[in-house]
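# Reading the structure
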Amino acid sequence: MIPGAAEYGVDVTIEEADVDRLLAVGPEDVSPAAELSFARNVFVPLTTACRYTCTYCTYFDPPGEASLLSTAEVREICREGADAGCTEALFTFGDDPDDRYTEIHDQLAEWGHDSIHTYLREVCEVALEEGLLPHANPGDQTEAQMAEVADLNASMGVMLETTAEVGAHAGPRKKEPGQRLRTIETAGELKVPFTTGILVGIGDSWEDRAESLLAIRAMHERYDHVQEVIVQPVVDNERWSGGTPDLETMRRVTAMARHALPEEISVQVPPNLAPARDLVDCGIDDLGGVSPITDDHINPDYKWPALRELEAIAEEAGVPLCERLPVYERFLPTELRTEGFDGRVAEGDWLSEPIRAVLAADDAAGQRYRSVLAGEGY
Ligand SMILES: O=c1nc2n(C[C@H](O)[C@H](O)[C@H](O)CO)c3cc(O)ccc3cc-2c(=O)[nH]1
Ligand SMILES: C[C@H]1O[C@@H](n2cnc3c(N)ncnc32)[C@H](O)[C@@H]1O
Ligand code: SF4
């Protein structure tokens, strides 16, 4: 039983036999992808306040020291990003700051907000005005919180991390697998194209990795909403000295992800944290969001590779490198999908009116989105 699943009303049972089968999978059991994709983004660290204290994370600041970006600051980051050809505003920030963060709540109140989610809605509007498609990862969300912002996001995400209870998530307020899975399920119910993933090396066993991937697959089978799964190695920083998974571990777990997940889900590794060039033959087909402008604020010591390094990885693998949008093509309405698209289309309406409108608009941003879709991205 996955910890917290019953408490959060998540009904997933992972069969031991499925776990055992997946444990037998290695790089020799998967085929390399036919192309490698990436998105151009700016990273917008809306607040460094966080209700949790994951022991591997240097991102959060303690109460009394946390910061909150103003709409003017968000606009500036987005404008620079749009000027540099980005298509995505990645809003990734501390998980729903609790009441200990009086400085954050006071500032939000002054700006007319009683939660980070209503404020997120306002800054998503700013991003759209500046010509970027929002992809928000605010951590765990209730249905009401996600519904507050869903129609202004092209896609959203949260890392499952792992289905196991691990020491790295200890403490009085902690990430719980059941609540993460509940968030992933809520995205399915609300028809939000979704990114999730596993964090490897935080005390997770091989069985836990297999179970985590199978739990993501189970959610996707129910809602068809998962667009990509990130296989992310934990990396050392000022708060975490537990080490990073070795190459053999990354190769095996990446192959397990590729094998466990249906073809329409991309398998992504972040090229600043993982040895991407040695994982192409294990089935990765995406290099995630990379930024020509901003740091990876979660792991600021790990610099984004330049575009030419991504090109070198693709060239070495003998596959084309393609720019993509933060929402994958199978979720787009027919009129926006490219003629040659041969993947499995996700049935139903996945994009709100505001997002469809910016994708179809005749302004510079709309033209840029459509040129990325047409494969003329770069
Ligand atoms: O720059 C980063 N981007 C992260 N991304 C963004 C990702 O690279 C792109 O935004 C997506 O591929 C959408 O285009 C995440 C997105 C999620 O929804 C969930 C988790 C992550 C994790 C990271 C991350 O640690 N660093
Ligand atoms: C946005 C995502 O960043 C990841 N994250 C947080 N800290 C680290 C670290 N030290 N190494 C790698 N990934 C990390 C978590 O998986 C979170 O969900
Ligand atoms: S990983 Fe996210 S939830 Fe965990 S402490 Fe860092 S900001 Fe908070």
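Residues numbered from 1 in each chain as written. Chains lettered and ligands numbered in written order. Predicted model: local features only at pLDDT ≥ 70, side-chain atom pairs only at ≥ 80, totals over all residues. Heavy atoms only, no water.

To continue, consider the side chain of Thr162. Structurally, the position occupied by Thr162 is in the loop between strand 4 (155–157) and helix 6 (177–189). Reaching out from Thr162, the side chain makes a polar contact with the backbone nitrogen of Ala164 at a distance of 3.1 Å. Setting aside residues up to four positions removed in sequence, Thr162 forms contacts with Pro177, Ile202, Asp204, Asp208 and Ser212. (Helix = DSSP H or I, 4+ residues; strand = E, 2+ residues; numbered from the N terminus. Polar contact = N/O pair within 3.5 Å; in protein donor to acceptor, adjacent residues only side chain to side chain. Contact = heavy atoms within 4.5 Å.)

Our next topic: the site of ligand 3. All residues adjacent to ligand 3 are Cys50, Tyr52, Cys54, Cys57, Tyr59, Phe60, Gly94, Asp95 and Lys175. With respect to the pocket detection grid, ligand 3 is positioned in the largest cavity. For the shell around ligand 3, the class distribution of residues is six nonpolar, one polar and two charged. (Near = heavy atom within 4 Å. 1 Å grid on protein atoms, 1.4 Å probe; cavity = no way out; pocket = protein on both sides within 12 Å on 5 of 7 lines; lining within 4 Å. Sits in = over half its atoms within 2 Å of the grid points. Nonpolar A, V, L, I, M, F, W, Y, C, P; charged D, E, K, R; others polar.)

UniProt's entry tags Cys50, Cys54 and Cys57 with the feature "binding site: [4Fe-4S] cluster" (unreviewed entry), counted in the numbering of this structure. Among the annotated residues just listed, those lining the largest cavity are Cys50, Cys54 and Cys57. Mapped onto the secondary structure, Cys50 falls in the loop between strand 1 (36–44) and helix 2 (71–83). Overall, the relative accessible area of 10% leaves Cys50 in the buried class. Beyond its immediate sequence surroundings of up to four residues, Cys50 is in contact with Phe60, Gly94, Asp95, Pro97, Arg100 and Tyr101. Summarising the element assignment, Cys54 is placed in the loop between strand 1 and helix 2. Once residues lying within four places of it in the same chain are set aside, the contact partners of Cys54 are Phe60, Ala168, His169 and Lys175. (UniProt positions renumbered as here; feature names shortened; annotations may be inferred. Buried < 20%, exposed > 50% of the residue type's maximum accessible area, 1.4 Å probe, protein only.)

Quick look at the state of the cysteines now. Counted according to the given criterion, the structure contains zero disulfides. Residue Cys86 stays outside any disulfide, its sulfur separated by 9.5 Å from that of Cys78, the closest cysteine. Lacking any disulfide linkage, Cys322 is separated from the closest cysteine sulfur, that of Cys86, by 18 Å. (Disulfide = S-S within 2.5 Å.)

Every residue near ligand 2 is listed here: Tyr56, Cys57, Met159, Glu161, Leu199, Gln232, Pro233, Val234, Val235, Asn237, Ile298 and Asn299. A distance of 3.0 Å separates a nitrogen atom of ligand 2 from a polar backbone atom of Val235. Asn237 places a polar side-chain atom, nitrogen or oxygen, 3.1 Å from a nitrogen atom of ligand 2. When ligand 2 sits alone it has 410 Å² of accessible area, and the protein chains cover 92% of it. Judged by the proximity of its atoms to the pocket grid, ligand 2 belongs to the largest cavity. (Areas by Shrake-Rupley, 256 points an atom, 1.4 Å probe, with all protein chains shown as cover.)

Helical geometry: 3.6 residues make up each α-helical turn, so side chains three or four residues apart lie on a common side. Across the 10 residues of helix 11 (residues 364–373), seven count as buried, placing the element largely inside the fold. Residues of helix 11 that are buried include every one of Ala365, Gly366, Arg368, Tyr369, Ser371, Val372 and Leu373, and no others. Residues of helix 11 that are buried in the fold lie against strand 1, strand 3 (133–137), strand 9 (321–323) and helix 10 (353–360). Looking one or two residues beyond helix 11, the residue adopting positive phi is Gly375, at roughly 80 degrees.

Taking burial as the measure, the five residues of strand 2 (residues 88–92) include five buried ones, the bulk of the element. The sheet contact formed by strand 1 and strand 2 spans four bridges and is parallel. What sits directly across from Asn41, in strand 2, is Glu88. Considered for its hand, the β-α-β crossover made up of strand 1, helix 2 and strand 2 is right-handed. Direction of pairing for strand 2 relative to strand 3: parallel, over a ladder of five bridges. Across the sheet, residue Ala89 finds its bridge partner in strand 3, namely Pro134. (Pairing = 2+ DSSP bridges. Right-handed = clockwise from strand over helix to strand, strands pointing away.)

Let us look at the UniProt feature "domain: Radical SAM core" (unreviewed entry) in the protein. Per the UniProt entry, the sites bearing "domain: Radical SAM core" (unreviewed entry) are residues 36–272 in this numbering. Helix makes up 37% of residues 36–272 and strand 17%, whereas the separation of the span's terminal C-alpha atoms amounts to 15 Å.

It is worth spelling out the packing of aromatic side chains at this point. One pass over the structure, following the stated rule, counts three aromatic pairs. Ring centres of Tyr56 and Trp240 lie 6.3 Å apart, and the angle between their planes is 75 degrees; this geometry places the pair in the edge-to-face category. Residue Tyr56 is found in the loop between strand 1 and helix 2, and its partner Trp240 is found in the loop between strand 6 (226–233) and helix 8 (247–260); the two are separated by 184 residues along the sequence. Each member of the pair, Tyr56 as well as Trp240, is classed as buried. Ring plane angle 70 degrees and centroid distance 5.0 Å describe the contact between Phe331 and Trp350, whose orientation is recorded as edge-to-face. Placement of Phe331 in the loop between strand 9 and helix 10 and of Trp350 in the loop between strand 9 and helix 10 is noted, with a sequence separation of 19 residues between them. What makes Phe331 buried here is its relative accessible area of 2%. (Phe/Tyr/Trp six-rings, centres within 6.5 Å; stacked < 30°, edge-to-face > 60°.)

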